[in-house]
Amino acid sequence: MNDIMNKEEIMKILPHRDCMLLLDDVENFEGTSIGHYTVRGDEFFLKGHFPNDPIVPGVILCEILAQSACVLMQDKMTDGNLPVYTGLNNVKFRSPVRPGDTVETKCTIKRSKHPFYFAEGTVTVDGRLCVSAEFSFAITNSSKTGD
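For the structure given in this document, a descriptive report is provided here. (Residues numbered from 1 in each chain as written. Predicted model: local features only at pLDDT ≥ 70, side-chain atom pairs only at ≥ 80, totals over all residues. Heavy atoms only, no water.)

Once that is clear, we can look at the nonpolar core. Grouped together as the largest cluster of nonpolar side chains are 36 residues, with contacts concentrated most on V56, L61, I64, V97, V103, F135 and F137. Those elements giving two or more residues to this core turn out to be α2 (58-70), β5 (102-113), β6 (116-125) and β7 (128-141). It is α2 that provides the largest number of residues to this core, a total of seven residues. Contacts of F135, omitting those with residues within four sequence positions, involve L65, A66, A69, Y85, G87, L88, C107, Y117, F118, A119, E120 and G121. (Core = buried A, V, L, I, M, F, W, Y, C linked by side-chain atoms within 4.5 Å. Buried < 20%, exposed > 50% of the residue type's maximum accessible area, 1.4 Å probe, protein only. Helix = DSSP H or I, 4+ residues; strand = E, 2+ residues; numbered from the N terminus. Contact = heavy atoms within 4.5 Å.)

Shown next as C-alpha cells:
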C-alpha cells in the first residue's frame with residue numbers, strides 16, 4: 001500500500017475518535033509509516049500547556065507516533081482489537097512543537113511476537129528533529145477488557 005490515507009480511512013483502522021485522533025493523514029510506504037498532523041492551536045492539551053506560550057506536550061507527541069505506527073499493523077487491527085502501549089524507551093525530546101507546526105512521523109516495526117510489536121520512530125517539523133523513541137504495543141481484544 002502506498003496510498004495516503006485520510007482521517008476517515010484512518011478511523012477504519014484506529015479506534016481513536018474526536019480530540020484523540022491525532023493524524024490528518026498517513027501513508028504506509030515499504031514498511032514505514034509516514035504521518036502528518038497540523039497543530040491548530042485550539043487542541044485541549046494546549047489550553048494549560050502553557051498559557052501564553054503553548055507547546056505540544058511530549059506525551060501527545062508520543063501518542064502521535066503510536067497512532068502512526070499502528071497503521072503498519074492494520075491487518076491485526078480487526079474484530080475489536082485495540083493497540084495498547086506497553087513501553088516507551090530511549091525517548092528524546094529535542095525541539096518543541098507549537099501551534100501552526102505540521103509534524104511528520106516516521107515509524108517502523110522492528111520486530112514482533114504477536115501480540116507484541118516493537119517499533120521506533122521520529123517526529124520532525126520542517127526537517128527539524130523534535131522526538132525520537134522506541135516503543136512497544138500489545139494488540140488486545142476490546143471485548144476481553146473490563147470483564
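In total, this model carries four aromatic pairs according to the counting rule given. Consider the rings of F44 and F45, whose centres lie 5.2 Å apart with planes at 80°: the pair is edge-to-face. Where Y85 meets F137, the ring centres are 5.4 Å apart and the plane angle is 10°; that geometry is what we call stacked. You can see Y85 sitting in strand β4 (residues 81-93) and its partner F137 sitting in strand β7, a full 52 residues away along the chain. An aromatic cluster is built from Y85, F135 and F137, whose rings are joined through pairwise contacts. The ring of F118 carries the charged tip of R111 above its face, separated from the ring centre by 4.0 Å. (Phe/Tyr/Trp six-rings, centres within 6.5 Å; stacked < 30°, edge-to-face > 60°. Lys NZ or Arg CZ within 6 Å of the ring centre and 35° of its normal.)

For β7, a buried count of 10 out of 14 residues is recorded, marking the element as mostly surrounded by other parts of the structure. Bridge analysis of β4 against β7 gives 10 bridges, and the strand direction is antiparallel. The residue bridging V84 from the neighbouring strand is A138, located in β7. Across 10 bridges, the pairing between β6 and β7 is antiparallel. By the bridge assignment for β7, Y117 is matched with F137. Counting the residues between successive antiparallel strands, the hairpin from β6 to β7 contains two residues, one of them, D126, with a positive phi of roughly 50°. (Pairing = 2+ DSSP bridges.)

Across three bridges, the pairing between strand β1 (residues 4-6) and strand β2 (residues 25-29) is antiparallel. Bridge assignment links N6 to a residue of β2, and that residue is D25. Hairpin connection of β2 to strand β3 (residues 32-38): two residues between the antiparallel strands, including E30 at a positive phi of 50°.

Moving on: the sheet that holds β2. Ordered by their spatial adjacency, seven strands build an open sheet running β1-β2-β3-β5-β6-β7-β4, and the pairing between neighbours is antiparallel. Bordering the open sheet on either side are β1 and β4, each of which pairs with just one other strand. Within the sheet, the average angular offset between the axes of one strand and its neighbour, ignoring direction, is 25°. Across 10 bridges, the pairing between β5 and β6 is antiparallel. Across the sheet, residue V103 finds its bridge partner in β6, namely V125. (Axes fitted to C-alpha atoms, helices over the stretch in contact; angles between N-to-C directions.)

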